[in-house]
Amino acid sequence: MNKPFLAIAFSMFCALSLGAQVNVDDAKSIATEELLRLGVPAADIADLWIADHYRDADGTRHTWLRQRWQGIPIWNSEVAVHQKADGSLLKLGRTLHVN
C-alpha cells in the first residue's frame, strides 16, 4: 500500500473514533445533580468515579459511576446513568451507601 492511502485511512479512522466518544463528565454532573435533588448527602457522592461507559448504536449513553470513601471503593455501590442521544437523562439507577 502507498503512504498517502494509509495516511488518509488513518485520518478517517481517528475522526470516526473521536465522534463516537462518550462525554462521561456530563453523566457525572447529571448524576450528582439528580442525587442531590433526591436527598442524597453531598458528602456521600463527593468521590464518585467513572467505572464504565459506552454508547449504543442509537446514541443512548450508559455510564456507571462507583462510590468511594476516603479514596477506597465501596463494594456494591454504583450509580447507572442512562442518557438519550441528546444528552438528557433517560434513567438513573443507584445502589449507594448513604450515611
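Details of the structure are given in the entry above.
Described in the following lines is the structure provided in the data block. (Residues numbered from 1 in each chain as written. Predicted model: local features only at pLDDT ≥ 70, side-chain atom pairs only at ≥ 80, totals over all residues. Heavy atoms only, no water.)

### Remarks on the overall build of the protein
Then comes step 1: Within the protein, the secondary structure is distributed over 2 helices and 4 strands.
Then comes step 2: Going from the N terminus to the C terminus, the protein shows its helices and strands as α-α-β-β-β-β.
Then comes step 3: Across the 99 residues in the protein, those meeting the buried criterion constitute 26%.
Then comes step 4: Taking as baseline every contact in the protein between residues at least 6 positions apart, the subset at least 24 positions apart corresponds to 39%.
Then comes step 5: With the model as given, the accessible surface of the protein reaches about 6700 Å², and the carbon-plus-sulfur share is 60%. (Helix = DSSP H or I, 4+ residues; strand = E, 2+ residues; numbered from the N terminus. Buried < 20%, exposed > 50% of the residue type's maximum accessible area, 1.4 Å probe, protein only. Contact = heavy atoms within 4.5 Å. Areas by Shrake-Rupley, 256 points an atom, 1.4 Å probe, with all protein chains shown as cover.)

### Some remarks on the packing of aromatic side chains
The geometry of an aromatic ring pair is captured by two quantities: the separation of the ring centres and the angle between the planes.
Then comes step 1: Applying the stated rule across the entire model yields 1 aromatic pair.
Then comes step 2: Here Tyr54 and Trp64 contribute two aromatic rings whose centre-to-centre distance is 5.9 Å and whose plane-to-plane angle is 20 degrees, an arrangement assigned as stacked. Remark: Trp64 occurs in strand 2 (residues 61-69) and Tyr54 occurs in strand 1 (residues 49-55); sequence separation between them is 10 residues.
Then comes step 3: A relative accessible area of 19% places Trp64 in the buried class. (Phe/Tyr/Trp six-rings, centres within 6.5 Å; stacked < 30°, edge-to-face > 60°.)

### As for the sheet that holds strand 4 (residues 89-95)
Then comes step 1: Spatial strand order, 1-2-3-4: 4 strands in an open sheet with antiparallel pairing. The open sheet has two edge strands with one neighbour each: strand 1 and strand 4. Taken pair by pair, the neighbouring strands of this sheet meet at an average axis angle of 15 degrees, ignoring direction.
Then comes step 2: One ladder, built from 6 bridges, connects strand 3 (residues 72-83) with strand 4; its direction is antiparallel. (Pairing = 2+ DSSP bridges. Axes fitted to C-alpha atoms, helices over the stretch in contact; angles between N-to-C directions.)

### Looking at the pattern of salt bridges
Then comes step 1: Taken as a whole and judged by the stated rule, the model has 4 salt bridges.
Then comes step 2: Here Arg61 ties to Asp26 by a salt bridge, and the two come within 3.1 Å at their closest N and O atoms. Highlighted residues: Arg61 in strand 2 and Asp26 in helix 2 (residues 24-37), separated in sequence by 35 residues.
Then comes step 3: The partly exposed category is assigned to Asp26, whose relative accessible area is 21%.
Then comes step 4: Among the ionic pairs, Glu78 bridges to Arg66, the shortest N-O distance being 3.1 Å. Here Glu78 is found in strand 3, whereas its partner Arg66 is found in strand 2, with 12 residues between them in sequence. (Salt bridge = Lys/Arg side-chain N within 4 Å of Asp/Glu carboxyl O.)

### Notes on helix 2
Then comes step 1: In this model helix 2 runs 20 Å from its N-terminal to its C-terminal C-alpha over 14 residues, within 8% of the 20 Å that 1.5 Å per residue would give.
Then comes step 2: Within two residues after helix 2, Gly39 carries a phi angle of roughly 95 degrees, on the positive side. (Expected span 1.5 Å × (residues − 1).)

Bear in mind that shape data such as this cannot, by itself, settle questions of function.
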